[in-house]
Amino acid sequence: MDVKIYEQADIDVWNNFVIGTKNFHFFFQRGYMDYHKDRFQDFSLMIYNDKGQLISVLPANIFYDGDKKILVSHGGLTFGGFLTNEKMKVETMLDIFDAVKQFLRENNFSSLIYKCIPYIYWKYPSEEDKYALFINDAKLIRRDVSSTVIPPPSRVFMRHGVFDSLRKAKKKCTSSSELQV
């Protein structure tokens, strides 16, 4: 694995990769992320496999806590984490974590604060990153609430008489619930 720091020259490679990820969100497009560049020292990472193929990106920035240098999976974004495509496997994610940890040690970071992408934004449900956090003995330091409003479906048209049938059925059926307090 080769871990590389994102540079402005990588913008097209970054954006094209991000669009095809299974956990895409517009937050991760460089045009949106770079809006914060005056407030956050970007240190986003691009991870390549042994064949030189980009397999993951990590939107991130440097944060200093006293003399500690910390990588945050981007402080300017509500959430972050490794973006990957549908080919990602658990073993590969574990290798990515190992490579990134080594890279961070070599660059004098003391830790990584990792903010997971809520599952609602995933095209393909998977949580290789959460498993890798567990395997690497990550410590939960914060949990945020994430809620999503799903728009109502478009109006469903039913054939004539269906509503009358539903009304008649409701009259014949009764139910109640009791909650002990």
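Predicted, not measured: the structure shown is a model, and the values here were computed from it. (Residues numbered from 1 in each chain as written. Predicted model: local features only at pLDDT ≥ 70, side-chain atom pairs only at ≥ 80, totals over all residues. Heavy atoms only, no water.)

Novice: Looking at this structure, how should I read the overall build of the protein chain?
Specialist: Broken down by element type, the protein chain carries five helices and eight strands. Taken from the N to the C terminus, the helices and strands of the protein chain come in the order β-α-α-β-β-β-β-β-β-α-β-α-α. The buried share of the protein chain, taken over its 181 residues, is 38%. Taking as baseline every contact in the protein chain between residues at least 6 positions apart, the subset at least 24 positions apart corresponds to 68%. When the accessible surface of the protein chain is split by element, carbon and sulfur atoms take 54% of a total near 12,600 Å². (Helix = DSSP H or I, 4+ residues; strand = E, 2+ residues; numbered from the N terminus. Buried < 20%, exposed > 50% of the residue type's maximum accessible area, 1.4 Å probe, protein only. Contact = heavy atoms within 4.5 Å. Areas by Shrake-Rupley, 256 points an atom, 1.4 Å probe, with all protein chains shown as cover.)

Novice: Is there a simple way to explain the environment of G20 in this structure?
Specialist: Note that G20 resides in the loop between α1 (11-19) and α2 (30-33). For G20, a relative accessible area of 40% puts it in the partly exposed group. Separated by 64 residues in the primary sequence, G20 and T84 place their C-alpha atoms 8.3 Å from one another.

Novice: It is not clear to me how the nonpolar core should be interpreted in this structure. Could you clarify?
Specialist: The nonpolar side chains of a soluble globular protein tend to be buried with one another. Among the nonpolar cores identified, the biggest contains 22 residues, and L45, I47, L71, F82, I96 and V100 are the most heavily contacted of them. Element by element, the count of residues in this core is highest for helix α3 (residues 90-106), at seven residues. (Core = buried A, V, L, I, M, F, W, Y, C linked by side-chain atoms within 4.5 Å.)

Novice: Can you walk me through the confidence of the model for the protein chain in this structure?
Specialist: The predicted coordinates should not be examined in detail at positions where pLDDT is low. Overall, the predicted model of the protein chain reaches an average pLDDT of 83, with 83% of residues at or above 70. Within the model, the stretch residues 174-181 combines pLDDT values under 50 with zero contacts to residues more than four positions away or in other chains. (pLDDT = per-residue confidence, 0-100.)

Novice: Hey, could you run me through unusual backbone geometry in this one?
Specialist: What you tend to see is this: most non-glycine residues have negative phi, and most peptide bonds are trans. Positive phi, close to 65°, is recorded for N108, a residue that is not glycine. Its place among the elements puts N108 in the loop between α3 and β8 (111-113). In this structure N108 comes out as exposed when scored by relative accessible area, which is 61%. With phi around 55°, D137 is a residue other than glycine that occupies positive phi space. By the element assignment, D137 lies in the loop between α4 (128-135) and α5 (162-172).

Novice: Even after reading the chapter, I still don't get the sheet that holds strand β6 (residues 68-72), so can you show me in this structure?
Specialist: The pairing of strands in a sheet happens through backbone hydrogen bonds and is either parallel or antiparallel. Pairing is mixed in the open sheet, where four strands are placed in the order β2-β5-β6-β8. Lying at the two open borders of the sheet, with one neighbouring strand each, are β2 (41-42) and β8. As paired strands, β2 and strand β5 (residues 61-65) are joined by two bridges and run antiparallel to one another. Bridge pairing links D42 to N61 in β5. (Pairing = 2+ DSSP bridges.)

Novice: Which parts of the structure should I look at to understand the environment of G75?
Specialist: Looking at the secondary structure, you find G75 in the loop between β6 and β7 (83-84). For G75, a relative accessible area of 34% translates into the label partly exposed. Taking the C-alpha atoms as reference points, G75 and I113, 38 residues apart in sequence, are found 9.3 Å from one another. In contact with G75, not counting residues within four places along its chain, are F40, N61 and K115.

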